[in-house]
Amino acid sequence: MLDEKVDLLFEEVVQRNAGEVEFHQAVREVLESLGPVLAKYPEFARAKIIQRICEPESQIIFRVPWTDDRGEVHINRGFRVEFNSALGPYKGGLRFHPSVNLGIVKFLGFEQLFKNALTGMPIGGGKGGADFDPKGRSDDEVMRFCQSFMLEMYRHIGEYTDVPAGDIGVGTRELGYLFGQYKRITNRYESGVLTGKGIDWGGALVRREATGYGAAFFLEQMLKTRKQSLEGMTCLVSGSGNVALYAIEKVHALGGTVIGCSDSDGVVHDPDGIDLDLLREIKEVRRGRILHYAEARKGSQYLPHGSIWQIPCDVALPCATQNELTAKDAAALIKNGCIAVAEGANMPTTPEGVRAFAAAGVLFGPGKAANAGGVATSALEMQQNASRDRWSFEHTEERLSEIMTNIHDICFHTAEEFGAPGDYVKGANIAGFLRVARAMVALGLV
Ligand code: NDP
């Protein structure tokens with residue numbers, strides 16, 4: 001529920017950003033938490049922090065022309081939304097997917113701002129991407145697209161200005177082509193301009209694993225508050241991309257068993273536990289589909305177009321995309337005895353799904369807290385780039401684990417302080433907002 005004053009502000013956001021439904025959803029979810037904060041800190045209302053925070057500092061939209069392997073010309077649309085730089089340079093990934101539009105990039109940028117604040121690191125919020133689908137494209141086609149994309153984007157980014165990274169459809173391959181083109185245009189080996197880079201060209205150990213590992217760490221921390229752990233638990237992980245793969249790896253390392261994963265075509269149910277080596281070979285080496293996993297793995301079952309959330313499990317990690325876990329899915333998880341959900345993806349649970357989990361007492365870690373390990377490790381990558389240093393895997397993972405514990409604790413304690421014990425959604429929204437809002441007040445009307 002929105003309180004009366006906040007409701008008016010939300011209506012204004014809807015009118016100013018017509019048709020951007022995912023952005024409205026993300027804003028509403030944060031504003032629903034802020035009633036008690038605005039009552040406690042009237043200076044935020046005086047400085048119009050809510051209105052300013054909902055308006056990106058800058059929104060860049062550009063044409064991306066490129067040719068495919070047959071010489072046919074294609075035109076895509078590129079985006080970079082620089083949301084807020086009160087805490088540091090804009091920071092957030094690039095998504096290449098046919099569904100990308102301004103509303104999606106704005107929802108992601110808005111979420112990113114609070115997520116980055118929760119890490120406690122000096123990074124502002126931004127997000128970008130294009131409605132380009134790398135699936136089924138050759139390496140050469142992906143390279144030409146990335147080069148054309150960077151030909152415009154290079155003017156807007158820089159290690160002290162705006163630092164993009166990967167997201168859906170943008171992994172090490174795409175970041176390599178983007179970085180190569182940036183280096184060529186600018187004549188600068190500016191490692192800190194992008195994160196998620198390959199290990200041989202300025203990348204940091206653990207960045208690839210960080211979002212998935214971090215989500216599993218967050219889940220473990222939530223369970224700990226009820227004196228439980230992942231040991232012996234069955235788990236579902238949706239998706240089978242970067243976040244999903246490393247969430248599966250860490251759940252297994254912490255003693256749980258992941259019995260299902262998915263892609264946009266279907267679901268695999270593997271009661272013996274996902275064979276991670278096989279899955280990685282199919283997804284990372286062959287760039288194949290989850291169907292190929294089921295074909296190769298005895299005892300597993302492929303459910304085309306099914307919902308993964310119908311499979312009974314103890315805990316769940318949605319790691320695919322926004323609004324993939326609906327009220328119906330939440331009802332099935334609750335009925336089947338699921339006790340905790342941590343979002344590896346951004347906003348994968350619909351608002352009705354979130355409410356159902358809260359009503360049933362299911363531990364629920366929202367994406368802006370549970371998946372913040374990725375961007376936090378990106379900030380560690382920037383730190384290593386700035387000092388021309390390289391940390392070991394163990395040291396970096398230790399830092400990641402500490403950061404996730406801190407994020408968990410700040411969400412937990414902030415929820416208690418503002419009268420909503422156990423509500424990680426409120427805790428994350430309020431703690432993230434307070435850090436950004438205080439910095440904005442301190443920096444004046446800029
Ligand atoms: P990838 O492109 O590596 O993987 C995305 C996965 O999700 C693929 O398996 C994809 O399947 C699947 N997927 C996409 N849409 C659907 C759908 N509608 N139903 C079922 N599966 C679907 O992306 P990432 O793993 O990097 O990102 C996943 C999520 O995590 C996103 O929400 C992203 O914003 C978020 N995130 C990512 C971070 C990172 O560090 N990479 C950091 C923080 C958040 P298919 O191949 O069929 O498309």
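Everything quoted here is computed from the prediction, not taken from an experiment. The residue numbering used here restarts from 1 in each chain and proceeds along that chain's sequence as written. Since the coordinates come from a predicted model, pLDDT governs what is reported: local features require at least 70, and pairs of side-chain atoms require 80 or more to be given and counted, while whole-chain, interface and lining totals use all residues. Side-chain measures were taken over the full set of non-hydrogen atoms in the model, leaving aside hydrogen atoms and water.

K.L.:
I would appreciate a short explanation of the sheet that holds strand 4 (residues 125-130) in the present structure.
P.N.:
Pairing between sheet strands relies on hydrogen bonds along the backbone, with the strands arranged either parallel or antiparallel. The pairing criterion is simple: DSSP has to find at least two bridges between the two strands. Helix and strand definitions here come from DSSP, where helices need a minimum of 4 consecutive H or I residues and strands a minimum of 2 consecutive E residues; each element is numbered from the N-terminal end. In space, the five strands of this open sheet follow the order 1-2-4-3-5, with mixed pairing throughout. Two strands bound the open sheet, and with one partner strand each, they are strand 1 (58-67) and strand 5 (162-165). Put simply, the sheet's adjacent strands are angled 20° from each other on average, direction ignored. Taken together, the four bridges between strand 3 (residues 90-96) and strand 5 define a ladder with parallel strand orientation. Residue Gly-92 lies in a different strand from strand 5, and its bridge partner there is Pro-164. Axes here mean lines fitted to C-alpha atoms, for a helix over just the part in contact, with angles spanning 0 to 180 degrees between N-to-C directions.

K.L.:
How should I be thinking about the side chain of Arg-207 in this particular structure?
P.N.:
Here Arg-207 shows up in helix 9 (residues 207-224). Per-residue accessibility, obtained with a 1.4 Å probe over protein chains only, is compared with the maximum for each type, and a residue is labelled buried under 20%, exposed over 50%, and partly exposed between these values. We treat Lys and Arg as the positive residues and Asp and Glu as the negative residues; His and chain ends play no part in the count. Definition used for salt bridges: Asp or Glu carboxyl oxygen within 4 Å of a side-chain nitrogen of Lys or Arg. Of the side chains bearing the opposite charge, Glu-381 lies closest to the buried Arg-207, which forms no salt bridge; the N-O distance is 5.0 Å. Only heavy atoms matter for contacts: two residues are in contact if any of them lie within 4.5 Å across the pair. The residues touching Arg-207, leaving out its near neighbours within four places in the chain, are Gly-196, Gly-374, Val-375, Thr-377, Ser-378 and Glu-381.

K.L.:
Would you mind going over the sheet that holds strand 10 (residues 315-317) with me for this structure?
P.N.:
Read from one edge to the other, the open sheet built from seven strands follows the order 9-8-7-6-10-11-12, with strand pairing classed as mixed. Taken across any chain shown, the strands that pair with only one partner, and hence form the sheet edges, are strand 9 (301-304) and strand 12 (363-365). Recorded for the sheet is a direction-independent mean angle of 15° between the axes of neighbouring strands.

K.L.:
What am I meant to see in helix 10 (residues 242-253) here?
P.N.:
Side chains that are three or four residues apart share a direction in an α-helix, a result of its 3.6 residues per turn. One less than the number of residues in a helix, times 1.5 Å, gives the span that helix is expected to have. With 12 residues, helix 10 ought to run about 16 Å at 1.5 Å a step, and its terminal C-alpha atoms sit 17 Å apart, in line with that. Listed in full, the buried residues belonging to helix 10 are Val-243, Ala-244, Leu-245, Tyr-246, Ala-247, Ile-248, Lys-250 and Val-251. At the C-terminal side of helix 10, Gly-255 shows a positive phi close to 95°.

K.L.:
Quick question: what am I supposed to make of the nonpolar core here?
P.N.:
A general tendency of soluble globular proteins is for nonpolar side chains to be buried together. Take the buried Ala, Val, Leu, Ile, Met, Phe, Trp, Tyr and Cys residues and link them wherever side-chain atoms come within 4.5 Å; each set so joined is a nonpolar core. Within the largest apolar cluster, 59 residues are counted, with the highest numbers of intra-cluster contacts made by Leu-219, Val-237, Leu-279, Leu-317 and Ile-407. Residue contributions to this core peak at nine residues, all from helix 9. Among residues more than four places away in sequence, those in contact with Leu-219 are Leu-230, Val-315, Leu-317, Ala-340 and Ala-342. Core analysis: the second largest hydrophobic core is formed by 43 residues, Leu-2, Leu-9, Leu-38 and Ala-439 among them.

K.L.:
Explanation requested: the domain arrangement of the protein in the structure shown.
P.N.:
Interface extent is often summarised as the accessible area lost during association of the parts. Structurally, the protein comprises domain 1 (4-190) and domain 2 (210-365). What counts as a domain boundary in this text is fixed by an automatic or database domain assignment. Taking the mean C-alpha position of each, domain 1 and domain 2 sit 26 Å from one another. Taken residue by residue, the interface counts 14 residues in domain 1 and 13 residues in domain 2. In this assembly, domain 1 packs against domain 2 so that about 960 Å² is buried in total across both faces, 43% of it on carbon and sulfur atoms. Linking domain 1 to domain 2 there are zero salt bridges. Two N or O atoms form a polar contact when they lie within 3.5 Å of each other; inside protein one atom must be a possible hydrogen donor and the other a possible acceptor, and for residues adjacent in sequence the pair counts only when both atoms belong to side chains. Run the count over domain 1 and domain 2 and you get three residue pairs in polar contact (both at pLDDT 80 or more). Broken down by secondary-structure element, the contributors of at least two residues to the side of domain 1 that touches domain 2 are helix 2 (21-31) and helix 6 (102-119). At four residues, helix 6 tops the list of elements feeding residues into the side of domain 1 that touches domain 2. Residues were grouped as follows: Ala, Val, Leu, Ile, Met, Phe, Trp, Tyr, Cys and Pro as nonpolar; Asp, Glu, Lys and Arg as charged; and all remaining residues, including Gly, as polar. Considering only residue class, the side of domain 1 that touches domain 2 consists of five nonpolar, one polar and eight charged. Buried area adds together the accessible area that both of two parts lose upon being put together, with accessible area traced by a 1.4 Å probe.

K.L.:
What's the story with the layout of surface pockets in this structure? I'm lost.
P.N.:
Space inside and on the surface of the protein is sampled on a 1 Å grid over the protein atoms alone, with a cavity defined as a set of points where a 1.4 Å probe fits but cannot get out and a pocket as an open set with protein on both sides within 12 Å along at least 5 of 7 lines; lining residues have an atom within 4 Å of a point. Grid points are joined across faces, edges and corners, and a volume is the space filled by probe spheres set on the points. Estimated volume of the second largest pocket: approximately 670 Å³. Considering the residues around the second largest pocket, the lining is formed by 30 residues, among which Glu-32, Val-354, Arg-355, Asp-423 and Val-425 are closest to the centre. Those elements that provide at least two residues to the lining of the second largest pocket are helix 2, helix 14 (351-360), strand 12, helix 15 (367-370) and helix 18 (424-443). Two domains each donate at least three residues to the lining of the second largest pocket, and these are domain 1 (4-190) and domain 2 (210-365).

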